[in-house]
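# Descriptive analysis of the structure
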Amino acid sequence: MQIKQFWAAAALALAPLVSMAAAAPAQLNQFVAKVASATGSFSQQTSGQAQGRPEQSGEFSFQRPGKFRWHVKKPYEQLIVSDGEKVLQYDPDLAQVTQRSVDQSIGTSPAAILFGSGSLEDSFVVQSLPDDDGLQWLRATPRGADAGFSHVDIGFRNDLPARLLLLDAFGQTTRIDLSDIKANPELPASLFQFKPPADVDVVKMQ
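Position numbers for residues start from 1 in each chain and track the written sequence from start to end. Residues qualify for local features only when their pLDDT is at least 70, as the model is predicted, and side-chain atom pairs are given and counted only at 80 or more; totals for whole chains, interfaces and linings, by contrast, use all residues. For side-chain calculations, the full set of non-hydrogen atoms in the structure is used, while hydrogens and water are omitted.

### Thoughts on unusual backbone geometry
Formally: Strands are runs of DSSP state E lasting at least two residues, helices are runs of H or I lasting at least four, and both sets are numbered from the N terminus onward. Using a 1.4 Å probe on the protein chains alone, a residue whose accessible area is under 20% of its type maximum counts as buried, one over 50% counts as exposed, and one in between counts as partly exposed.
Following R64, the chain continues into P65 via a peptide bond in cis, with omega recorded as -10°. The residue P65 is located in the loop between strand 2 (56-63) and strand 3 (67-74) in this model. Of note, the amide linkage connecting K74 to P75 takes the cis form, showing an omega dihedral of 0°. Note on placement: P75 falls in the loop between strand 3 and strand 4 (78-83). Of note, D180 is a non-glycine position whose phi angle comes to about 55°, a positive value. Following the sequence through the fold, D180 ends up in strand 11 (residues 173-183). A relative accessible area of 56% means that D180 is categorised as exposed.

### Details of the confidence of the model for the protein chain
As a reminder, the rule being used: Confidence scores labelled pLDDT are given residue by residue by the predictor and lie between 0 and 100. The contact definition used throughout considers only heavy atoms, calling two residues in contact when any of these lie within 4.5 Å.
Per-residue confidence for the protein chain averages 82 on the pLDDT scale, and 81% of its residues sit at or above 70. Averaged over each element, pLDDT in the protein chain is lowest for helix 1 (residues 3-9) (53) and highest for strand 2 (94). Low confidence marks residues 11-22, where pLDDT is under 50. Its contacts with residues over four positions away, or in another chain, come to 51 contacts.

### Observations concerning the environment of Q27
With respect to the element layout, Q27 can be found in helix 2 (residues 24-34). Residue class for Q27 comes out buried when judged on its relative accessible area of 13%. C-alpha separation for the pair Q27 and D159, spaced 132 residues apart in sequence, amounts to 7.3 Å.

### Points about helix 2
Here is the rule: The directions from the helix axis to the C-beta atoms are what the arc is built from.
Buried within helix 2 we find A24, P25, Q27, L28, F31 and V32. Along the axis of helix 2, the buried positions cluster into a sector of 160°, meaning they face one direction only. Relative to its buried face, helix 2 has exposed residues pointing more than 90 degrees away, namely A26, A33 and K34.

### A closer look at the packing of aromatic side chains
Keep this limit in mind: Side-chain rings of Phe, Tyr and Trp (the six-membered ring for Trp) are treated as a pair once their centres are within 6.5 Å; stacked means planes under 30 degrees apart, edge-to-face means over 60, and tilted covers the remaining angles.
Under the defined criterion, the tally for this structure stands at four aromatic pairs. For the ring pair F42 and W70, a centre distance of 4.0 Å and an interplane angle of 20° mean the geometry is stacked. Of this pair, F42 sits in strand 1 (residues 37-47) while W70 sits in strand 3, and the two are 28 residues apart along the sequence. For F42, a relative accessible area of 4% translates into the label buried. Connected via pairs of aromatic rings, a cluster forms that spans F42, F60 and W70.

As structure tokens, then:
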């Protein structure tokens, strides 16, 4: 998984069963304001390309602003960790760690909504979508042309993120389902730290 696809995938949201679609943007703002940390599980699938990738699954944690851990466990292991300043992506199969700054990696991506604490309106145009599949939906479209994706649709259930559908610039759709989410747990600082193994290459991106 490329790191941009993760950001395009990585993300955000919430939703009550009242006021339906019209309430989704307000509920998103509430989620950003009130949920300072969370843990949960995810599954991810990308479609619309010549050769589909196998479904990925794993666990995630985050703590605002900018700290997160995205651990892919199946079908192969991959780890993305941020301490709030830098982001490390570790690919054991490649024996490589890629390092980027948080601003460089998250920027105007959907991850900025989930992991950040800034104003959504500065980076995204947010609009309500019709309810579908038992979820409330909104669409976040990046204001900038260099975000790496066209838009992300976010579905909510019971005040927590449930599903994200990301359309990238190549016409591929990444679906992320989130589950078992626990809001505002106490999380140790060590969860967002990662020391690369001595036998791997560390590539620092400018």
